[in-house]
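Descriptive analysis of the structure
Okay, here's what each chain looks like letter by letter:
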Amino acid sequence: MNTIVRLYIKSYNGLSPAAWLLALVMLINRTGSMVIPFLGIYMSSELNFSKTQVGLVLGCFGLGSVCGSWLGGWLTDRFGNFKVQTWSLMLTIPLFLITPHFRTFESLSLMIFILTLVADIFRPANSVSVAKYAKPENITKAYSLNRMAVNLGFSIGPALGGFLATFSYDWIFYGNAMAAGVAAIVFIYFFKDKEGNKKIDQSVRAEIPTNKPAKSAYTDSLFILFNILCCLFSMAFFQLLSTLPLFYKDVYAMDASQIGLILGFSGFVIVLFEMVLVHLVEHRFSVKQIMFWGTAIAGFSYWMLNLDFGILWLYLAMFFLSVGEMLTLPFTATIAIQRASLQNQGAYMGFNSLAFAAANIVSPFLGTFTAEHFGYNTLWTITGCVLICTSFGFIWVITKMKSA
């Protein structure tokens, strides 16, 4: 027991106070993340949209995310991460409040695009701020702590959203607005005029060397290939937020509260184990080994959905999906920030965020189209195969980055 306690303490050692405060902001903001998991169900149950229409609206969500990620990176390099994060949080509040009034396919598509664009300007700015305020030797830990806060919020948000949905789906949007408001207040209070770390620890860049002159993220050929793989990973992995809730509803007849609990379980697993897992693997295995196994395990978890062994089997599949996420996503951000120079961190993080966001343009439509016309089993088989292929791609491109 003492060994386990010491392991947990060591996992959190060395993190700066600012890293913890950033995590607090993310926790508050993401506790309000009730809209995304229930957006597909809201459109199909409340607005009577077809699966194809649901996929297209979620595609607008992805398009807004792409534009927001690119714009956020551009704005961060010019105005700084503090201003970009503050304005993003403040502007999303009225957008969440008015979204429930847009109930036609065309108007909701436009509104979701605008809302996501403004909200996702926050992402690259936040990624840069994590690197800015982290101790240089603990960058991956700082990203993991930030993700832990995101997932703790995500474990609370869907469960709370499922509860609110039993009264009215409108309250999910209102809850998101309130969380954004509180997060904005906390962020401004703690980070206005706060100085970050300026030194760079080259030891953390050993695997992805960056001792070359700064160049554009959009002409860095190896980084472009890396982001293509991140996009493929995202297209497959984030069926979690589009078709997987519909699968639970259509095949297992789960209601909103039950779906919220199983999605919340994913966040709970990540909160409980990610920091310890990252601490155990980051100095024992190479980045390419960790990302290979993380991506492959995520693929295996989707294949598990083709077997019907009841509700507990769904929770087990979600557990493996969470393990795959813990071994992959913290290191994608680390690779991106280490590939950048101090002058273009916003562009590199924006491009990496864009790679994940771009998947959300086509991924929901492809997922819902495949499920509607070929069945969920076909969808999960294809999803698993894409992730397995992507895992081998990560090994190849990271090896090339190391030798470049």
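Note: the structure precedes this text.
Summary of the structure given here. (Residues numbered from 1 in each chain as written. Predicted model: local features only at pLDDT ≥ 70, side-chain atom pairs only at ≥ 80, totals over all residues. Heavy atoms only, no water.)

1. Digging into the overall build of the chain
When helices and strands are counted, the chain shows 16 helices and zero strands. Residue burial in the chain is summarised as follows: out of 404 residues, 57% are buried. Partitioning the contacts of the chain with sequence separation of at least 6, the portion at a separation of at least 24 is 88%. Accessible surface, the chain: about 16,600 Å² in total, of which carbon and sulfur atoms supply 69%. (Helix = DSSP H or I, 4+ residues; strand = E, 2+ residues; numbered from the N terminus. Buried < 20%, exposed > 50% of the residue type's maximum accessible area, 1.4 Å probe, protein only. Contact = heavy atoms within 4.5 Å. Areas by Shrake-Rupley, 256 points an atom, 1.4 Å probe, with all protein chains shown as cover.)

2. Comments concerning the packing of aromatic side chains
With the rule as written, the count across this model stands at 27 aromatic pairs. What links up through ring pairs into an aromatic cluster is the set Phe 247, Tyr 248, Tyr 252, Tyr 302, Tyr 376 and Trp 380. (Phe/Tyr/Trp six-rings, centres within 6.5 Å; stacked < 30°, edge-to-face > 60°.)

3. Things to note about the nonpolar core
Of all hydrophobic cores here, the largest spans 124 residues; its most connected members are Met 43, Phe 226, Phe 247 and Tyr 248. The biggest single contributor to this core is helix 14 (residues 311–339), with 14 residues. Residues within four places of Tyr 248 in sequence aside, it is in contact with Ala 253, Met 254, Ile 259, Ile 262, Leu 314 and Met 318. (Core = buried A, V, L, I, M, F, W, Y, C linked by side-chain atoms within 4.5 Å.)

4. Quick word on the packing of helix 12 (residues 256–281) against helix 14
Packing of helix 12 against helix 14 brings their axes to within 8 Å, and their N-to-C directions diverge by 45°. When the axis of helix 12 is compared with that of helix 14, the two are oblique. Crossing hand, helix 12 versus helix 14: right-handed. Contacts between helix 12 and helix 14 involve Leu 261, Ile 262, Leu 263, Phe 265, Ser 266, Val 269, Ile 270, Phe 273, Glu 274, Leu 277, Val 278 and Val 281 from the former and Leu 314, Tyr 315, Met 318, Phe 319, Ser 322, Glu 325, Met 326, Leu 327, Pro 330 and Phe 331 from the latter. Of the residues in the contact of helix 12 with helix 14, the class split is 18 nonpolar, two polar and two charged. (Axes fitted to C-alpha atoms, helices over the stretch in contact; angles between N-to-C directions. Parallel < 35°, antiparallel > 145°, perpendicular 65-115°, else oblique. Left-handed = near helix turned anticlockwise from the far one by under 90°. Nonpolar A, V, L, I, M, F, W, Y, C, P; charged D, E, K, R; others polar.)

5. Thoughts on empty space enclosed by the protein
Applying the stated criterion to the full structure yields four cavities of 30 Å³ or more. Roughly 1,300 Å³ of internal volume is contained in the largest cavity. Here the lining of the largest cavity is composed, by residue class, of 26 nonpolar, 18 polar and five charged. Estimated volume of the second largest cavity: approximately 50 Å³. (1 Å grid on protein atoms, 1.4 Å probe; cavity = no way out; pocket = protein on both sides within 12 Å on 5 of 7 lines; lining within 4 Å. Points joined across faces, edges and corners; volume = space filled by probe spheres on them.)

6. Some details on the pattern of salt bridges
In this structure the tally under the stated criterion is four salt bridges. As a salt-bridge pair, Arg 123 and Asp 120 come within 3.1 Å of each other at their nearest N and O atoms. Here Arg 123 falls in the partly exposed class, since its relative accessible area comes to 25%. Owing to a relative accessible area of 10%, Asp 120 belongs among the buried residues under this scheme. The salt bridge involving Asp 220 is made with Arg 339; its shortest N-O contact spans 2.9 Å. Of this pair, Asp 220 sits in the loop between helix 9 (170–191) and helix 10 (221–237) while Arg 339 sits in helix 14, placing them 119 residues apart in sequence. (Salt bridge = Lys/Arg side-chain N within 4 Å of Asp/Glu carboxyl O.)

7. Points about a nonpolar patch on the surface
A surface patch of nonpolar side chains, amounting to about 640 Å² of accessible area, comprises Ile 156, Leu 160, Phe 163, Phe 167, Trp 171 and Met 178. Elements with a minimum of two residues in the nonpolar patch: helix 8 (139–165) and helix 9. In terms of residues, the nonpolar patch owes the most to one element, helix 8, which gives three residues. Take Met 178: it is sitting in helix 9. (Patch = residues over 30% accessible without salt bridge, like charges linked within 9 Å, V, L, I, M, F, W, Y side chains within 5 Å.)

8. Describing unusual backbone geometry
The backbone of Asn 48 sits at a positive phi, close to 60°, despite the residue not being glycine. Mapped onto the elements of the fold, Asn 48 is located in the loop between helix 3 (35–46) and helix 4 (51–79). What makes Asn 48 exposed here is its relative accessible area of 63%. The backbone of Ala 253 sits at a positive phi, close to 55°, despite the residue not being glycine.

9. Brief notes about helix 9
If you check helix 9, its first and last C-alpha atoms are 32 Å apart, about what 22 residues at 1.5 Å a residue would give, namely 32 Å. Among the residues trailing helix 9, Asp 193 stands out with phi positive, at a value near 65°. (Expected span 1.5 Å × (residues − 1).)

10. So, helix 13 (residues 287–304)
The end-to-end C-alpha separation of helix 13 is 26 Å, in line with the 26 Å expected for 18 residues at 1.5 Å each. Listed in full, the buried residues belonging to helix 13 are Val 287, Ile 290, Met 291, Phe 292, Gly 294, Thr 295, Ala 296, Ala 298, Gly 299, Ser 301, Tyr 302 and Met 304.

11. Looking at the side chain of Gln 85
For Gln 85, the position within the fold is in helix 5 (residues 81–98). The class of Gln 85 is buried, set by a relative accessible area of 0%. A polar atom in the side chain of Gln 85 sits 3.1 Å from the side chain of Asn 126. Each residue touching Gln 85, except ones within four places of it in the same chain, is listed here: Phe 122, Ala 125, Asn 126, Ser 129 and Phe 187. (Polar contact = N/O pair within 3.5 Å; in protein donor to acceptor, adjacent residues only side chain to side chain.)

12. Things to note about the side chain of Thr 328
Looking at the secondary structure, you find Thr 328 in helix 14. Among the polar contacts made by the side chain of Thr 328, one reaches the main-chain carbonyl oxygen of Gly 324 at a distance of 2.9 Å.

Take it as geometry only, folks, not as evidence of what the structure does.
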